[in-house]
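Reading the structure
Take a look at the letters that make up each chain.
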Amino acid sequence: MIQAESDPHKRDEYLQRLMALPNQKWGEIIGQARQSVDVLKDQDVIRTVLNILQTNTSVASSLGTYFLSQISLIFLDMLNVYRMYSELISSSIAEGGPFASKTSYVKLLRSVKRETLKLIETFLDKAEDQPQIGKQFVPPMMDPVLGDYARNLPDARESEVLSLFATIINKYKAAMIDDVPRIFEAVFQCTLEMITKNFEDYPEHRLKFFSLLRAIATHCFHALIQLSSQQLKLVMDSIVWAFRHTERNIAETGLNLLLEMLKNFQASEFCNQFYRTYFLTIEQEIFAVLTDTFHKPGFKLHVLILQQLFCLVESSLLTEPLWDAATVPYQYPNNGMFVREYTIKLLSTSFPNMTATEVTQLVNGLFESRNDLSTFKNHIRDFLVQSKEFSAQDNKDLYAEEAALQRERERQRMLSIPGLIAPNEIQDEMLDS
């Protein structure tokens, strides 16, 4: 109802009246906390704070930009509570070990931290794209939220911090470019150490971390160019690690991220430098997952990445050789010839059951069909079946894209004939989309 009110004065008045009780209670708690900070440690008070924040989040999701006056009222106090609860969680885990994070008290404190992050993310996501809102709310969060994440023990780090900053970068795009080094410094190394030990720990941090990295690569690519070579290597290693992941959505995010990075670097002045360092590694890693039956769902993206690489070496964009003159027996006439020979060697070594002629035919076929995606894709499918890796398997994932197109064509055909599809089914589809 408040959202529908067109008069801004009335809207603000209604919002004040709606939030009067939560704000009164919030004011009392903050007032008492200024006298004695121990008030905030009481479990009933923590529950009340959580309830007030949840109320604010619900209102923010409906009002969007119009919630500005309310969030401005509680924002700085909310960050102070966040910082204090974070310190309490860290000291509890430091004293009680990993099991302390499972106690009801620590879980309650973490609920307040998560709700705070959720409230800020909801407001910034729903608010209209107004740069001054970003300027008002992002700088005060840098230390209480980002600094806190970096300082915390791994078990006390909230994955919502990653999704909050991904939302901020997706929202404010290039305006965030100056803040990327600070974000990178605070979350990158410490999160990677948490998630790369195995494929199981910290599942919430995994996807959110790569979503943040993708937001940076998409909207603040120039910030990535300015990273040191060691930092860029960390980024590339983490992307390789992501698309090797057996969890489908993480592998897919990694592949999409890699494809965007390849296109962005190709269009930048660092094209030669980047590809000299990473071209062969990327090709080798993509062939490794392409020929691994666990990674069949990523087939479409594997093909697009290989096509991107093969088109690049046959274009005039690379002006420097990809090979290291000190390690090759003779100089190649161009990058295309070098990559052909490298690919033939790579596949011959990996698949000794295939003859040299079969491998050479495949590689030549890939280069010749590089500008025609469907032929290129068919060559790779044929190779996978020939290599015997996929021959005794159910390979429907390799044809998923074509099957989806066929189903859509069939649906359109049925829609064109009145009465073949019930009206309620059409209605359901409209709701789904």
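Owing to the predicted nature of the structure, the values given are computational and were not obtained by experimental measurement.

About the thresholds
- Counting restarts for each chain: residues are numbered from 1 in the order of the written sequence.
- Local features in a predicted model are, by the rule used here, given only for residues with pLDDT of at least 70; side-chain atom pairs are given and counted only at 80 or more, and totals for whole chains, interfaces and linings are based on all residues.
- The side-chain quantities take in all heavy atoms of the structure and omit both hydrogens and water.
- What counts as a helix is a DSSP run of H or I of at least four residues, what counts as a strand is a run of E of at least two, and both are numbered from the N terminus.
- When a residue's accessible area, from a 1.4 Å probe over protein chains only, is under 20% of the maximum for its type it is buried; when over 50% it is exposed; and in between it is partly exposed.
- The contact criterion used throughout is that any non-hydrogen atoms of two residues lie within 4.5 Å.
- All accessibility values rest on the Shrake-Rupley procedure with a 1.4 Å probe; residue burial counts only the protein chains present in the view.
- An automatic or database domain assignment is the source of the domain bounds shown.
- We define a nonpolar core as any set of buried Ala, Val, Leu, Ile, Met, Phe, Trp, Tyr and Cys residues linked to one another through side-chain atoms lying within 4.5 Å.
- A pairing counts as a salt bridge when a side-chain nitrogen of Lys or Arg comes within 4 Å of a carboxyl oxygen of Asp or Glu.
- Axis definition: a line fit to C-alpha positions, over the contact stretch in the case of helices; interaxial angles, taken between N-to-C directions, run 0 to 180 degrees.
- In this scheme, roughly parallel covers angles under 35 degrees and roughly antiparallel covers those over 145, while 65 to 115 is roughly perpendicular and the rest are oblique.
- Two helices that cross are described as forming a left-handed crossing if the nearer one is turned anticlockwise from the farther one by less than a right angle, and a right-handed crossing if clockwise.
- Ten residues, namely Ala, Val, Leu, Ile, Met, Phe, Trp, Tyr, Cys and Pro, are considered nonpolar, four, namely Asp, Glu, Lys and Arg, are considered charged, and the remaining ones, Gly among them, are considered polar.
- In this analysis, rings of Phe, Tyr and Trp, with Trp reduced to its six-membered ring, are considered paired at centre separations within 6.5 Å, and the interplanar angle assigns stacked below 30 degrees, edge-to-face beyond 60, and tilted for intermediate values.
- Here, over-ring charges are defined by two tests on the NZ atom of lysine or the CZ atom of arginine: distance to the ring centre within 6 Å, and angle to the ring normal within 35 degrees.
- One less than the number of residues in a helix, times 1.5 Å, gives the span that helix is expected to have.
- What we call the bend at a residue is the angle made by axes fitted to the seven residues finishing there and the seven residues starting there.

The secondary structure content of the protein chain amounts to 19 helices and zero strands. Principal-axis analysis of the C-alpha atoms places the extent of the protein chain at approximately 80 × 65 × 40 Å. Split into buried and exposed, the 433 residues of the protein chain put 48% on the buried side. Of the contacts formed within the protein chain by residues at least 6 apart in sequence, a portion of 71% connects residues at least 24 apart. Only carbon and sulfur atoms are counted for the fraction: they give 52% of the accessible area of the protein chain, which is about 21800 Å².

One non-glycine residue, K173, lies in the positive phi region at around 45°. With respect to the helices, strands and loops of the structure, K173 is situated in the loop between α7 (160-172) and α8 (180-195). For Y202, which is not glycine, the phi dihedral falls at a positive 50°. The residue Y202 is located in the loop between α8 and α9 (203-219) in this model.

Segmenting the protein chain into domains produces domain 1 (1-128) and domain 2 (400-432). Distance between the C-alpha centres of domain 1 and domain 2: 45 Å.

To continue, consider the environment of P181. Tracing the backbone through its elements, the reader meets P181 in helix α8. For the pair P181 and P154, spaced 27 residues apart in sequence, the C-alpha separation works out to 21 Å.

Further remarks concern the nonpolar core. In terms of nonpolar packing, the biggest core is built from 138 residues, with L124, M141, F165, M261, Y275 and I282 touching the most fellow members. With 12 residues, helix α4 (residues 68-96) is the single largest residue contributor to this core. Residues within four places of L124 in sequence aside, it is in contact with I133, F137, M141, L164, I168, K171 and Y172.

The next point concerns the pattern of salt bridges. In this structure the tally under the stated criterion is 18 salt bridges. Measuring nitrogen to oxygen at the nearest pair gives 3.7 Å for the salt bridge that ties R114 to E160. Of this pair, R114 sits in helix α5 (residues 104-126) while E160 sits in helix α7, placing them 46 residues apart in sequence. For R276, the salt bridge is made with E320, and the minimal N-O distance between the two is 3.7 Å. Here R276 is found in helix α13 (residues 271-290), whereas its partner E320 is found in the loop between α14 (299-313) and α15 (335-350), with 44 residues between them in sequence. What makes E320 partly exposed here is its relative accessible area of 35%.

With that settled, consider the packing of α4 against helix α6 (residues 131-151). When two helices pack together, their arrangement is given by the angle between the helix axes and the distance between those axes. With their axes 10 Å apart at the nearest point, α4 and α6 run at an angle of 15° to one another. The angle between α4 and α6 falls in the class roughly parallel. The way α4 lies across α6 gives a crossing that is left-handed. Between α4 and α6, the contacting residues are L68, I71, S72, F75, L76, L79, Y82, R83 and S86 on the first element and Q136, F137, P140, M141, D143, P144, V145 and D148 on the second. Taken together, the residues of the contact of α4 with α6 break down into 11 nonpolar, three polar and three charged.

With that settled, the discussion passes to the packing of aromatic side chains. All told, the structure shown has 21 aromatic pairs when counted by the stated rule. Ring geometry for F209 versus F210: centroids 5.1 Å apart, planes at 80°, classification edge-to-face. Exposure class is identical for F209 and F210. Each is buried. Put simply, the rings of F184, F188, F199, F209, F210 and W241 pair up and form one aromatic cluster. The ring of Y66 has R11 lying over it, and the distance from NZ or CZ to the ring centre is 3.6 Å. Geometry around Y149 places R157 over its ring, the cationic atom sitting 5.7 Å from the centre.

On to α13, then. Between its first and last C-alpha atoms α13 spans 25 Å; for 20 residues at 1.5 Å apiece the expected length is 28 Å, and the helix comes up short by more than 12%. In α13, a bend of some 50° at Y278 exceeds every other bend along the element.

Attention shifts here to the environment of F310. Considering the arrangement of structural elements, one finds F310 in helix α14. Not counting residues within four places of it along the chain, the set of residues in contact with F310 comprises E283, F287, V339, T343, L366, F367, R370 and F376.

The contact between helix α16 (residues 356-368) and helix α17 (residues 373-386) brings their axes to 9 Å, and the two run at 160°. In terms of axis orientation, α16 runs roughly antiparallel to α17. Helix-helix and strand crossings are classified by hand; for α16 and α17 the assignment is left-handed. Residues E358, L362, G365 and L366 of α16 form the contact with α17, whose own contacting residues are F376, H379, I380, F383 and Q386.

Moving on: the environment of C311. By the secondary structure assignment, C311 is in helix α14. A relative accessible area of 23% places C311 in the partly exposed class. Measuring from C-alpha to C-alpha, the distance between C311 and L18 comes to 60 Å, with 293 residues separating the pair along the chain. When near neighbours in sequence (up to four residues on either side) are disregarded, C311 contacts R370 and N371.

The terminal C-alpha atoms of α6, which comprises 21 residues, lie 29 Å apart, in line with the 30 Å expected from a rise of 1.5 Å per residue. Largest kink in α6: about 55°, centred on M142, with the proline P144 one to four residues after it. The set of residues buried in α6 consists of I133, G134, F137, V138, M141, M142, P144, V145, L146, G147, D148 and Y149. Those residues of α6 that are buried are in contact with α4, α5, α7, α8 and α9.

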